[in-house]
Amino acid sequence: MELRRELLIAEMIDPGTGETIRTTIDVRTDPLTGHSSRILPERGLMPAIDFDLAALARQTEPGCPFCPDRIERLTPRLMPAIVPEGRITRGEAVLFANLHAYSSHSSVSVYSPGLHYLPLDDMTPEILADNLATQVAFAKAVMAAEPRSCWASINANHMLPSGSSLFHPHMQGIVDSIPTTVQRMLAELPPQRFCDYLDAERRSSERYLGNTGRVEWLASFAPIAPAELRAFAAGACSPAELDEDLIAELAHGLALALGGYAQMGFQSFNLAIYGAPPGTEGYPLNLRLACRSNPRPLYRSDSTFLERLHWEGAVDLAPEAVARQIGERFRG
Ligand SMILES: [Zn+2]
């Protein structure tokens, strides 16, 4: 597989010197979704965090519905036909129904009621695995009760710039009878496309991060969002098919990646684990992870008219530089 890219040159006159300025824009096409992305020269579009996140945590904690003492009273229970106990727990993680439903089965899972403040450096594999396990149990329970809801995804808006309305860190599950746009696009791809993409990235090694056993990680060639990473899990095509080993392995990789984001100065991210219907022939469970602008007053959103309305990425963090920064963790 050839990874397609085209270089565009922008020319303009320097207001000070009168010299011609030339800027190169590297336009790349994503081999899976077909969307294109513009890799810009480093412009400081994503400044490292300089904000007192702990202070914002203290400010938002009083009255937080996901904190201890309130979570039981203030969060909706799942329907008894799906989960008779109303909530799913694993370790300290707690999953409940999403008050703001996005699908026929929408869930929220906190890493722990006690973890109102959870900077990315503190995301351990255990904390991540427990939360993922509640989402896996939720997807299994919905599909057992209602087989037509065969499209499951595990997602996260982490910190306010990513779209989260509550500070308290959590994941979100969607299990539905219809897929989202990207779930549908990925599930319709011929399985060989994933193999060819991975082969191409392994050969070039510029963006390949590593293999943690059954899961392959890489920096996206044509990212739709900053520092976007992808993972492909062999042996499962839906979150509902994840076994304990794969949950632990995904959590391990996520902890490595999020630790890398923290080191790069980022504290907000989006996650999507795109399930296809269980048993979809040849589909490896796809994961996408990207960081978002840091929370701060007068911050610049990284999501512009290009991403939202053109479905066109525009980032000034070269995927190869992201892979160099995060790759060590996967190889070490
Ligand atoms: Zn809280």
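Residues numbered from 1 in each chain as written. Predicted model: local features only at pLDDT ≥ 70, side-chain atom pairs only at ≥ 80, totals over all residues. Heavy atoms only, no water.

A word on the overall build of the protein chain
Regarding its fold elements, the protein chain presents eight helices and 14 strands. Here the C-alpha radius of gyration of the protein chain, 20 Å, is about what a compact globule of 332 residues would show, namely 20 Å. With respect to the principal axes defined by its C-alpha atoms, the protein chain has extents near 70 × 50 × 40 Å. Going through the 332 residues of the protein chain one by one, you find that 55% of them count as buried. Nonlocal contacts in the protein chain, meaning residues at least 24 apart in sequence, comprise 65% of its contacts between residues at least 6 apart. (Helix = DSSP H or I, 4+ residues; strand = E, 2+ residues; numbered from the N terminus. Rg over C-alpha atoms; globule rule 2.2 N^0.38 Å. Buried < 20%, exposed > 50% of the residue type's maximum accessible area, 1.4 Å probe, protein only. Contact = heavy atoms within 4.5 Å.)

With respect to empty space enclosed by the protein
One pass over the full model with this rule turns up one cavity of 30 Å³ or more. Estimates place the volume of the largest cavity at around 60 Å³. If you go around the largest cavity, the residues you meet are L45, M46, I224, A225, P226, R300, D302, E307, A314, V315 and D316. Looking at the lining of the largest cavity residue by residue, the class counts come to seven nonpolar, no polar and four charged. (1 Å grid on protein atoms, 1.4 Å probe; cavity = no way out; pocket = protein on both sides within 12 Å on 5 of 7 lines; lining within 4 Å. Points joined across faces, edges and corners; volume = space filled by probe spheres on them. Nonpolar A, V, L, I, M, F, W, Y, C, P; charged D, E, K, R; others polar.)

Focus on the coordination of the zinc ion
Tetrahedral coordination by four donors puts the ideal angle at the metal at 109.5 degrees, and octahedral coordination by six puts it at 90 or 180 degrees. Surrounding the zinc ion are the protein donor atoms C64 (SG), C67 (SG), H116 (ND1) and H168 (ND1), which sit 2.0 to 2.3 Å from the metal. Mapped onto the sequence, the residues coordinating the zinc ion show the spacing C-x2-C-x48-H-x51-H. Note that C67 is positioned in the loop between helix 1 (53-60) and helix 2 (71-74) and H116 in the loop between strand 6 (105-110) and helix 3 (125-145), a separation of 49 residues in sequence. Comparing C67 with H116, the two get one shared label, buried. (Donors = N, O, S within 2.8 Å, 3.2 Å for Na, K, Ca; no water.)

Some points on the sheet that holds strand 12 (residues 268-274)
Sheet architecture is open: ten strands sit in the order 4-5-6-8-7-12-13-11-10-9, paired in antiparallel fashion. Two strands close off the open sheet at either side, each with one partner strand: strand 4 (88-90) and strand 9 (208-211). Between one strand axis and the next, the sheet turns by 15 degrees as a mean value, whatever way the strands run. The sheet contacts of helix 3 involve strand 4, strand 5 (93-97), strand 6, strand 7 (151-158), strand 8 (170-176) and strand 12, and relative to strand 8 the element is tilted by about 20 degrees. Here helix 6 (residues 244-264) sits on the sheet and contacts strand 4, strand 10 (215-219), strand 11 (229-233), strand 12 and strand 13 (285-292); the angle it forms with strand 13, its principal contact strand, is near 20 degrees. (Pairing = 2+ DSSP bridges. Axes fitted to C-alpha atoms, helices over the stretch in contact; angles between N-to-C directions.)

Some points on the sheet that holds strand 1 (residues 5-13)
Taken in spatial order, the four strands of this open sheet run 1-2-3-14, and their pairing is mixed. Looking at which strands have only one partner, the edges of the open sheet turn out to be strand 1 and strand 14 (313-315). Direction aside, the axes of adjacent strands within the sheet are offset by 25 degrees on average. Relative to strand 14, strand 3 (residues 36-39) is paired through three bridges, and the arrangement is parallel. Within the sheet, the bridge partner assigned to I39 lies in strand 14 and is V315.

Some details on the packing of aromatic side chains
Throughout the structure, instances matching the rule amount to five aromatic pairs. Aromatic side chains F194 and Y283 sit 5.7 Å apart centroid to centroid with 85 degrees between the ring planes, which places their arrangement in the edge-to-face category. Here the residue F194 occupies a position in helix 5 (residues 191-204), and Y283 occupies one in the loop between strand 12 and strand 13, the gap between them amounting to 89 residues. Geometrically, the ring pair formed by W217 and F330 is tilted, given 5.4 Å between the ring centres and 45 degrees between the ring planes. Of this pair, W217 sits in strand 10 while F330 is found in helix 8 (residues 319-331), placing the two residues 113 residues apart along the sequence. (Phe/Tyr/Trp six-rings, centres within 6.5 Å; stacked < 30°, edge-to-face > 60°.)

Examining the layout of surface pockets
Over the atoms, a rolled probe matching the size of one water molecule traces out where space is still vacant. Roughly 1,300 Å³ of volume is contained in the largest pocket. As for the largest pocket, its lining consists of 34 residues, of which V182, N270, A272, Y274 and R288 are closest to the centre. For the lining of the largest pocket, the secondary-structure elements that each account for two or more residues are strand 7, strand 8, helix 4 (181-187), strand 12, strand 13 and helix 7 (305-310). Partitioning the lining of the largest pocket into residue classes produces 14 nonpolar, 14 polar and six charged. In this structure, the second largest pocket occupies an estimated 320 Å³ of space. Residue lining of the second largest pocket: 19 residues in total, with F66, N98, H100, S165 and L166 positioned closest to the centre. Among the elements of the structure, strand 5 and strand 8 are those that each provide at least two residues to the lining of the second largest pocket.

Regarding unusual backbone geometry
The phi angle at S205 is positive, at roughly 60 degrees, despite the residue not being glycine. Mapped onto the elements, S205 comes out in the loop between helix 5 and strand 9. Of the residues examined, S205 reaches a relative accessible area of 48% and is grouped as partly exposed. With a phi close to 50 degrees, A227 is a non-glycine residue in the positive phi region. Note on placement: A227 falls in the loop between strand 10 and strand 11.

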